[in-house]
Amino acid sequence: MVAQAEIKNFPVSWDQLHRDSRALAWRLVEKGPFKGIAAITRGGLVPAAVIARELDLRLIDTLCIVSYRHDNTQGDLEVLKSVDHDSEGWLIIDDLVDTGKTASVVRELMPKAHFATVYAKPAGRPMVDTFVTEVSQDTWILFPWDSELQSVPPIIQNSRA
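Just so you know, these numbers come straight off a predicted model, no measurement behind them.

Chemist: Any chance you could break down the packing of helix α1 (residues 14–29) against helix α2 (residues 45–54) for me, citing the residues and the numbers?
Modeler: In contact at an axis separation of 9 Å, α1 and α2 are set at 50 degrees when each is read in the N-to-C sense. Classified by the angle between their axes, α1 and α2 sit oblique to one another. Every pair of crossing elements has a handedness; the one defined by α1 and α2 is right-handed. Contacts between α1 and α2 involve W14, L17, H18, S21, R22, L24, A25 and L28 from the former and V46, P47, V50, I51 and E54 from the latter. Across the contact of α1 with α2, the residue classes tally to nine nonpolar, two polar and two charged.

Have a look at this one:
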């Protein structure tokens with residue numbers, strides 16, 4: 001894990017997430033058709049809803065996996081709910097692939113599915129088939145469901161520390 005002082009925050013608004021999820025749907029149109037979507041909870045739920053609408057998919061399942069804790073550290077993975085169907089023709093959606101640890105478990109659970117994320121970091125990027133935006137490994141994406149509007153100091157002030 002990168003030291004906290006080196007982390008770059010990348011805030012994503014609801015509007016930006018919606019635009020990026022739609023951009024992912026555009027890329028996925030040519031990869032389908034798909035039987036359904038398996039959203040990785042919780043981060044994949046919102047992008048999965050947008051993509052399901054754009055690709056006119058009504059069959060949505062969830063893979064419930066815990067990896068990140070409330071202090072933003074990644075711990076041991078725990079699969080709370082898996083899928084009980086063949087992964088052939090399915091689309092897996094998540095918000096982000098970071099280290100690739102969660103993606104590796106998902107690949108074992110659904111080896112024949114097409115795996116897509118909205119955002120990808122270099123360490124996890126090889127684990128997904130399709131993504132929209134790559135961010136550096138030392139970037140912490142602040143998703144709209146994890147953040148609120150507040151005043152922040154200019155970037156230059158943080159670089160003097």
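Chemist: Quick rundown of the pattern of salt bridges? Include the residues and the values.
Modeler: As enumerated under the stated definition, the model contains nine salt bridges in all. D138 is paired through a salt bridge with K8; the nearest N and O atoms lie 2.5 Å apart. Here the residue D138 occupies a position in the loop between β7 (130–134) and β8 (139–142), and K8 occupies one in strand β1 (residues 8–11), the gap between them amounting to 130 residues. Among the salt bridges present, the one from E54 reaches R22, with a minimum N-O distance of 3.1 Å. On the criterion of sequence distance, the pair formed by E54 in helix α2 and R22 in helix α1 is long-range, its members being 32 residues apart. The class for E54 is partly exposed, based on a relative accessible area of 26%. One network of salt bridges, in which partners are shared, links R22, R53 and E54.

Chemist: Account for the packing of aromatic side chains, naming residues and giving values.
Modeler: The full count for this structure, using the stated rule, is four aromatic pairs. Consider the rings of F143 and W145, whose centres lie 5.0 Å apart with planes at 0 degrees: the pair is stacked. According to the relative accessible area criterion, F143 is buried, its value standing at 5%. Taken together, F10, W14, Y119, F143 and W145 form an aromatic cluster joined through their ring pairs.

Quick notes on the rules
Each chain has its residues counted from 1, following the order in which its sequence is written. Where totals are concerned, whole chains, interfaces and linings use all residues; where local detail is concerned, this predicted model gives features only for residues with pLDDT of at least 70, and gives and counts side-chain atom pairs only at 80 or more. As a rule here, side-chain values cover all heavy atoms of the structure and leave hydrogens and water aside. Working convention: axes come from line fits to C-alpha atoms, limited for helices to the stretch in contact. Angles between N-to-C directions cover 0 to 180 degrees. Each helix is a run of DSSP H or I of at least 4 residues and each strand a run of E of at least 2, with the numbering of both proceeding from the N terminus. Each angle is binned into one of four classes, with values under 35 degrees roughly parallel, values over 145 roughly antiparallel, values of 65 to 115 roughly perpendicular, and all other values oblique. For a crossing to be left-handed, the near helix must be turned anticlockwise from the far one by less than a right angle; the clockwise case is right-handed. Only heavy atoms matter for contacts: two residues are in contact if any of them lie within 4.5 Å across the pair. For this classification, the nonpolar set comprises Ala, Val, Leu, Ile, Met, Phe, Trp, Tyr, Cys and Pro, the charged set comprises Asp, Glu, Lys and Arg, and every other residue, Gly included, is treated as polar. By definition, a salt bridge exists where a carboxyl oxygen of Asp or Glu is found within 4 Å of a side-chain nitrogen of Lys or Arg. For each residue, the accessible area found with a 1.4 Å probe, counting protein chains only, is set against the maximum for its type, and the residue is called buried under 20%, exposed over 50%, and partly exposed in between. We call Phe, Tyr and Trp rings a pair once their centres come within 6.5 Å, taking the six-membered ring for Trp, and we label the pair stacked below 30 degrees between planes, edge-to-face above 60, and tilted otherwise.

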